[in-house]
Amino acid sequence: MTVSLEVAEGVGTLRLDRPPMNALDIATQDRLKELAEEAARREDVRAVVLYGGEKVFAAGADIKEMQEMDHTAMVLRARALQDSFTAVARIPKPVVAAVTGYALGGGCELALCADFRIAGENAKLGQPEILLGLIPGAGGTQRLARLVGPSKAKDLIFTGRMVKAEEAREIGLVDRVVPAGEVYAQAHAWAARLVQGPALALRAAKESIDTGLEADIDTGLAIERNWFAGLFATEDRERGMRSFVAEGPGKAKFL
């Protein structure tokens, strides 16, 4: 399989495994969607790491496969392409991308679907589709602009240039830069810390932020208000407040 889901102690690792560059062909896209939806459903998965291995995250689409597709074929495929990435973005649990080596085109777009991105010092990210006479088609024009702002997104998309890890951190494309050999360990630690948190509150926080960003402020506030009030019906809220009153902050156990 070109994508696998391995679960240990509450952390699910969605691993790309299509050597040598983890090119995202149609079969890989479909498998990614299938496993993202599985991770979303499974109660034993409480946080997710996206990982491509020690050498490369994902160097983009399978260009040889795409070259054979005409306009009609891509009209039929484009929605499925986006849906596979959206399935990752909509996992209702914390998701961190562990980025090593190249994360280009679809690889960069996949990293954009995570809530947090940890990159190795050897990472290079970019949206080079313009060099093929194309634009990003798996969410890059939308998620990149929302993350780094329209001006920086246009610079990357218009030029197709790659950015190294430090520049990616400076513009907000990644959140942390670490030695290449520590990427997965640090991403796993970020996820593992949240495994112990209140699952429904984490889901509510993620949905409130993500959905609110796509709406006006009043709609966003309504989404937040509904989730906030709804959490008062949960056992985790009772446990968290009871622990706070009895023991002080940060002592509650939610599992």
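Residues numbered from 1 in each chain as written. Predicted model: local features only at pLDDT ≥ 70, side-chain atom pairs only at ≥ 80, totals over all residues. Heavy atoms only, no water.

Quick notes on the environment of G137
Where we set the bar: Numbered from the N terminus, helices here are DSSP runs of H or I no shorter than four residues, and strands are runs of E no shorter than two. Residues count as neighbours in contact if any of their non-hydrogen atoms are within 4.5 Å of one another.
With respect to the element layout, G137 can be found in the loop between strand 7 (124-126) and helix 5 (140-148). Once the C-alpha coordinates of G137 and E238 are considered, the two residues, 101 residues apart in sequence, prove to be 44 Å apart. If near-sequence neighbours (up to four positions away) are discounted, G137 is found in contact with L81, Q82 and E109.

With respect to the packing of aromatic side chains
Rules: For this analysis, a ring pair means two rings from Phe, Tyr or Trp (six-membered ring only for Trp) whose centres lie within 6.5 Å, classed as stacked if their planes differ by under 30 degrees, edge-to-face if by over 60, and tilted for the remaining angles. Note on exposure labels: buried denotes an accessible area under 20% of the residue type's maximum, exposed denotes more than 50%, and partly exposed covers the range between, all computed with a 1.4 Å probe on protein chains only.
Taken as a whole and assessed by the stated rule, the structure comprises three aromatic pairs. Their ring planes at 40° and their centres at 4.7 Å tell us that Y51 and Y184 sit as a pair that is tilted. Highlighted residues: Y51 in strand 3 (residues 47-51) and Y184 in helix 8 (residues 183-195), separated in sequence by 133 residues. Note on Y51: relative accessible area 11%, which makes it buried. Ring centres 5.5 Å apart and planes at 70° place the aromatic pair F228 and F232 in the edge-to-face group. The class of F228 is exposed, set by a relative accessible area of 56%. According to the relative accessible area criterion, F232 is partly exposed, its value standing at 39%.

Side note on unusual backbone geometry
A cis amide bond, omega 0°, links P19 with the succeeding residue P20. Its place among the elements puts P20 in the loop between strand 2 (11-16) and helix 1 (26-41). Unlike most non-glycine residues, E9 shows phi in positive territory, near 55°. Looking at E9, the relative accessible area reads 75%, which means it is exposed. Positioned with a positive phi, N22 is a non-glycine residue whose angle comes to about 55°.

Topic: the sheet that holds strand 7
To be explicit about the condition: Should DSSP find at least two bridges between two strands, the strands are regarded as paired. Only the stretch in contact is used when fitting a helix axis, every axis being a line fitted to C-alpha atoms; angles between N-to-C directions are given from 0 to 180 degrees.
Spatially, the three strands line up as an open sheet ordered 5-7-8, and their pairing is mixed. In this open sheet, the two strands that pair with only one neighbour each are strand 5 (102-104) and strand 8 (162-164). Strand-to-strand twist in this sheet, taken as the mean axis angle between neighbours without regard to direction, amounts to 20°. Here strand 5 pairs with strand 7 via three bridges, running parallel. Following the sheet pairing, Y102 is matched in strand 7 by K124.

Description of the packing of helix 1 against helix 3 (residues 71-89)
Selection rule: Small angles under 35 degrees read as roughly parallel and large ones over 145 as roughly antiparallel, with 65 to 115 read as roughly perpendicular and the rest as oblique. Note on convention: near helix rotated counterclockwise from far helix by under a right angle means a left-handed crossing. Clockwise means right-handed. Amino acids outside the nonpolar list (Ala, Val, Leu, Ile, Met, Phe, Trp, Tyr, Cys, Pro) and the charged list (Asp, Glu, Lys, Arg) are all regarded as polar, and Gly is one of them.
Close contact between helix 1 and helix 3 brings their axes to 8 Å; oriented N to C, the two are set at 40°. Between helix 1 and helix 3, the interaxial angle falls into the category oblique. Relative to helix 3, the crossing made by helix 1 is left-handed. Contacts between helix 1 and helix 3 pair I26, Q29, D30, L32, K33, A36 and E37 from the former with R77, L81, D83, S84, A87 and V88 from the latter. Tallied by class, residues from the contact of helix 1 with helix 3 come to six nonpolar, two polar and five charged.

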